[in-house]
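# Observations on chain architecture
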Amino acid sequence: TIYLGPFVHSQSLAELEICTQGAIGVDEKGTIAFVERDVTEAIAVAKHEGWESAELVRVQDNGFFFPGFIDTHIHASQYPNTGIFGKSTLLDWLNTYTFPLESSLHALSRARQVYSRVVSRTLSHGTTTAAYYATVHVASTNLLADICLAKGQRAFVGRVCMNTLSPDYYRDASVEDAVRDSRASIDYIRKIDPGAELVAPIITPRFAPSCTAECLSALGELHRETGVHCQTHISENKPEIALVKELFPERKSYADVYDAAGLLTPKMILAHAVHLTGDEVELIKERGAKISHCPASNTALTSGCARVRELIESGIAVGLGTDVSGGFSPSVLEMARQAIWVSRFVAMNDGDQAKLSTEEVLYLATRGGAKVVGLENKIGGFEVGMDWDAQMIGLGAVSESGEAASESEDPVDVWGWESWDDRVAKWVYNGDDRSTVAVWVKGRLVHQTSRYQR
Ligand code: GUN
Ligand code: FE
């Protein structure tokens, strides 16, 4: 297949490449075979022997191809609760809203309903890769992996571990249970997708307060033994940090709790990182662990404003996370906007250098996220050898009379006189899932709106 038309992707944190006349060839395996810039369709095809009969997919509705989004932190199990958090903060939110819902996904029928919906919904928002938390239940967790594989979403799927300070109705009974069940889910996911072409397991201690030191160490050992990725929460809210201090008095810091357990490695995704100390930033950087910035959640649960500029400048890989349902939206585009907003609130105190630009948040949503999940050579941009994980973005045109030029319900009006940079900015601020006309993962069409024409 040759994808024809404008494409946009990040070249570096600050630089977005906008190619207004592109041709990207994708082979049967879903790998990008060539990327041509500024050539006519005919020349693009003629230049590549054997591609004469390739299927052509053209950008429609004044749009462009953009790499699929990477959601580096999302609780699939909490999707039914998006928008439901009242005035709670983290620790009471967990007990009031979250544990009861997660516990209910013990029922496979309910898990199927929730997980089918969340995977479809995130695909419709252009999320081609997600790092998911499921629940403590092995069968439901495995079902989430099945659903990702069937719907074609790239995913890390984690069975949640929590053996202390958790409700009786929803917890691991022992360290042995946590390890055994984690192992069972790892084995299952490795069996259904042996090469981890699409779906991979991820070791998931919920966060330090819900795991004993023994449990964290056992999971660190499992990580060392299996080489599987890990994910957890860190330094999200102040009472949580105080609790960690109380529970782990022998440890220097929250980050040190994970480090002592052997969990602070290049394959660890740490969500939030709102209140890290300078020493913790240094330690995380040294260990090569990654950070998922969850701006909507941090605001909703009034956890705080992460100082993302500082994290990036320290050299830590940073991506964006919806943190559904601490975060109210399953859209990474919405997170890009929220990341811009939060950076402005930080800037009101710390100065203008804290502000993130449109280009920077789009980098975090794609290339940054790819680094966070360890797939920077495979996804996040349009390069030869990478997989075609992409979305077709459509922008509506305004006619001479001021009416929408087509029947599309596109939320972004394009007048025709904007620069391409401005079109992209308009998409970032006004776009939503209606702008995402079609989505591919590894070359497979995994979502399309009714206006997608083949
Ligand atoms: N810390 C421990 N569990 C959770 C969770 O489910 N969501 C968020 N945002 N923080 C957590
Ligand atoms: Fe979370």
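Quantities reported herein were computed from a predicted structural model and do not represent experimental measurements.

Segmenting the chain into domains produces domain 1 (2–67 + 382–448) and domain 2 (75–372). Using C-alpha coordinates to define each centre, domain 1 is positioned 31 Å away from domain 2. On the domain 2 side, the residues contacting the 23 residues of domain 1 number 23 residues. When residues of the side of domain 1 that touches domain 2 are traced back to their parent elements, those giving at least two are strand E1 (2–10), helix H14 (420–430), strand E18 (436–441) and strand E19 (444–448). Looking at the side of domain 1 that touches domain 2 element by element, the count peaks at four residues for H14. By residue class, the composition of the side of domain 1 that touches domain 2 is 11 nonpolar, six polar and six charged.

Once that is clear, we can look at the pairing of strand E7 (residues 127–133). Counting buried residues in E7 gives seven out of seven residues, a clear majority hidden from the surface. Sheet topology note: the strand E6 (residues 69–75)/E7 ladder contains five bridges and is parallel. Across the sheet, residue Ile74 finds its bridge partner in E7, namely Tyr132. Alignment of E7 against strand E8 (residues 154–158), held across five bridges, turns out to be parallel.

Those places that UniProt annotates as "domain: Amidohydrolase-related" (unreviewed entry) correspond, in this numbering, to residues 66–446. The distance from the first to the last C-alpha atom of residues 66–446 is 15 Å, and the span holds 43% helix and 17% strand.

The axes of two packed helices give the description: the angle between them and the distance between them. Across the interface, helix H3 (residues 108–124) lies against helix H4 (residues 138–151) with an axial gap of 9 Å and an inter-helix angle of 35°. Two packed elements cross with a definite hand, and for H3 against H4 that hand is right-handed. Contacts from Leu108, Ala111, Arg112, Tyr115, Ser116, Val119, Ser120 and Leu123 in H3 reach Ala139, Ser140, Leu143, Leu144, Ile147, Cys148 and Lys151 in H4. Tallied by class, the residues present in the contact of H3 with H4 amount to 10 nonpolar, three polar and two charged.

As a matter of local geometry, ligand 1 sits amid His75, Leu90, Leu94, Thr98, Arg206, Phe207, His233, Glu236, Ser297, Asp323 and Gly326. Among the elements that make up the shell around ligand 1, the one with the highest residue count is helix H2 (residues 90–104) (three residues).

Here is what the cut-offs are and how they apply
- The residue numbers shown here count from 1 along each chain, following its written sequence.
- Each chain is given a letter, starting from A, and each ligand a number, starting from 1, according to the order in which they appear as written.
- Totals for whole chains, interfaces and linings use every residue, but because this is a predicted model, local features are given only for residues with pLDDT of at least 70 and side-chain atom pairs only at 80 or more, for both listing and counting.
- For the purposes of this description, domain bounds are those given by an automatic or database domain assignment.
- Each residue is represented by a C-beta atom placed from its backbone, and any two residues with such atoms within 7 Å are regarded as in contact.
- Per the convention used, a helix needs a DSSP run of H or I reaching at least four residues, while a strand needs a run of E reaching at least two, with both numbered from the N terminus.
- When residue character is reported, Ala, Val, Leu, Ile, Met, Phe, Trp, Tyr, Cys and Pro are called nonpolar, Asp, Glu, Lys and Arg charged, and the others, Gly included, polar.
- Around each residue's C-beta, the other C-beta atoms within 10 Å are counted; 20 or more make the residue buried, 12 or fewer make it exposed, and counts in between make it partly exposed. All C-beta atoms are placed from the backbone.
- The rule for pairing is simple: two strands pair if DSSP sees at least two bridges between them.
- UniProt positions are given in the numbering used here, feature names are shortened, and annotations may be inferred rather than shown by experiment.
- Under this scheme, a helix contributes an axis fitted over its contacting stretch, all axes are lines through C-alpha atoms, and angles between N-to-C directions fall in the 0 to 180 degree range.
- Two helices crossing with the near one rotated counterclockwise from the far one by less than a right angle form a left-handed crossing, whereas a clockwise rotation gives a right-handed crossing.
- What makes a residue near a molecule or strand is its C-beta atom, placed from the backbone, lying within 6 Å of it.

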